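Overview (structure and organization)
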Amino acid sequence: LKYFKETIEKTNSFNTKIDSYFEILHLGLFSKDMEILKEYFPKIEVLIKDSGDWEKKNRLKVYRGLYCIYNKDFVQAGDLFLHALSTFTSYELFDFKTFVFYTAITNIITVDRSKLKLEVIDNSDVISCINEIPFLEKFLNSFYDGNYAEFFRAFYQIIQVIKKDFFLEKHCNYFIKEMRIKVYSQFLQSYRSVTIENMAKVFGVSTKFIDDELSNFISQGRLSVKIDKVSGIIQSISEEPTVDRFNNVIHESDLLMNKIHKLSKLLEI
């Protein structure tokens, strides 16, 4: 680290300087030193901003994406990885298959179904190596196709990989929770009501498991459904922003009319 800093101070070469910055970020990422990363990301971004070196700019997206994973910002990480997918050259960090895995994991919980299909599942770069990545193809396709029993089996295997991953293991519980909410939401959006028993059969789990899962996420305000314990039915709570706005306008109009009525009486007096 000392010598890279000295090189940056003494050299006038753009390439030497920027390569030194990358090496410092490399050290920061693999030592998980947030102070180094916080200090040197802004510096390299200023240096690279006005350059025409697109290879370095795309490489920086991968580094920045990993930094976002550290900060549990999967939205930005997924977006950066998608933009770098076709131009990946950061083999000093990991191989391309690992990068595809990170791209899929960060995007599956942050983008909608159509974007997941278009930019990840059907992406030619992903297709080129997905068969070499254990369980990933089944995980993505079973989620998109709504094959939820198979999804849960693949999900379990993916979790085992994440638990051992250098960059992702810290956020394993977060990923598990967000993925469960995402898959339950996707299933329930297709129905106005469904029985707990039918949902349990679709997911290949017990009715108690589904009841406990949904009750937990409903209480946290993460699922817009309610459970009728007597009939064993899960009912969707429709969120109609237009209706809500209409009701608010009526309410505000009533208040305004009351004020005008009181004002007219005062004027008469």
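Preceding this paragraph is the structure being described.
Attention in this report is confined to the structure presented alongside it. (Residues numbered from 1 in each chain as written. Predicted model: local features only at pLDDT ≥ 70, side-chain atom pairs only at ≥ 80, totals over all residues. Heavy atoms only, no water.)

A few words now on the packing of aromatic side chains. Following the criterion strictly, the structure yields 36 aromatic pairs and no others. Ring centres of Phe41 and Tyr67 lie 5.0 Å apart, and the angle between their planes is 35°; on these two criteria the pair is classed as tilted. Of this pair, Phe41 sits in helix H3 (residues 34-49) while Tyr67 sits in helix H4 (residues 54-70), and the two are 26 residues apart along the sequence. Its relative accessible area of 11% is what places Tyr67 among the buried residues. Considering the side-chain rings of Phe151 and Phe152, the 5.9 Å spacing of their centres and the 45° angle between planes classify their relative orientation as tilted. With respect to class, Phe151 is no different from Phe152; both count as buried. Its guanidinium or amino end placed over the ring of Tyr40, Lys43 lies 4.6 Å from that ring's centre, counting from NZ or CZ. Sitting over the ring of Phe41, Arg64 keeps its end group 4.5 Å from the ring centre. (Phe/Tyr/Trp six-rings, centres within 6.5 Å; stacked < 30°, edge-to-face > 60°. Helix = DSSP H or I, 4+ residues; strand = E, 2+ residues; numbered from the N terminus. Buried < 20%, exposed > 50% of the residue type's maximum accessible area, 1.4 Å probe, protein only. Lys NZ or Arg CZ within 6 Å of the ring centre and 35° of its normal.)

Let's shift gears to helix H5 (residues 74-84). All buried positions along H5 are accounted for by Phe74, Ala77, Gly78, Leu80, Phe81, Leu82 and Ala84. Looking at the packing, one finds that the buried side of H5 touches H4, helix H6 (96-108), helix H7 (113-121) and helix H11 (172-188). (Contact = heavy atoms within 4.5 Å.)

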